[in-house]
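# Coordinate inspection notes
If you want the building blocks of each chain, they are given just below.
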Amino acid sequence: MPDHPSERKSKITASRKLMLKSLMLANAQEQLAQETEEKEEEKQRVLEERMTPLRITGLSFSQLQELCRELHEKIDIVDEERYDIEAKVTHNKREIQDLNLKVFDLRGKFKRPNLRRVRVSADAMLRALLGSKHKVSMDLRANLKSVKKEDSEKERPVGVGDWRKNVEAMSGMEGRKKMFDAAKTGSAQ
């Protein structure tokens, strides 16, 4: 006998499951058909209550005009009610949509605090990441190459002169060729 509940085999065979599913679907279809039939009957009952049959026979012209006026008034009242209900429905739909957006925003976003720039040393960062048990010290500046300021200034040729001559000399293809030749001779040395 298996110990774990997920290892147990299902007691229902595949054909039995299929038969049960088909029975459930048939039952659901019957209930749906019955529900739509009940709704149609309810609609007919409400219409019969609200709409009384008209008796036009034996009425004079003035009585027919009065009947038409009454019907127009009833139609106007029903149209106003329909318009009011539609306005309420659209208002409620907008409100539901806004509330759904608010719920989505609240669920998806968190208020982020304004972050301040904090100077932290490498040791403090490692201590924060690894915990206080690991005491590792790293001197990141020890591995850096030292560069003297005087050496970098000597490498740059200082040419003090008329800047217009330099621009004229470098313009056009001759200037580009001079730069290319100067780079070639500098790398050959």
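Everything here concerns the structure above.
In short, a report on the structure.

Cut-off values and rules
Residues numbered from 1 in each chain as written. Predicted model: local features only at pLDDT ≥ 70, side-chain atom pairs only at ≥ 80, totals over all residues. Heavy atoms only, no water. Salt bridge = Lys/Arg side-chain N within 4 Å of Asp/Glu carboxyl O. Helix = DSSP H or I, 4+ residues; strand = E, 2+ residues; numbered from the N terminus. Buried < 20%, exposed > 50% of the residue type's maximum accessible area, 1.4 Å probe, protein only.

### A look at the pattern of salt bridges
With the rule as written, the count across this model stands at six salt bridges. Between Lys39 and Glu35 there is a salt bridge whose closest N-O contact spans 3.9 Å. Taken together, the residues Lys39 and Glu35, both in helix 1 (residues 14–50) and four residues apart, mark about one turn of the helix. Relative accessible area serves as the criterion here: at 57%, Lys39 is assigned to the exposed category. Among the residues examined, Glu35 registers a relative accessible area of 41% and is labelled partly exposed. Notably, a salt bridge pairs Arg82 with Asp79, separated by 3.7 Å at the nearest N-O pair. Remark: Asp79 and Arg82 occur in helix 2 (residues 61–108); sequence separation between them is three residues, near one turn of the helix. What makes Arg82 partly exposed here is its relative accessible area of 45%.

These figures come from the coordinates and say nothing about function on their own.
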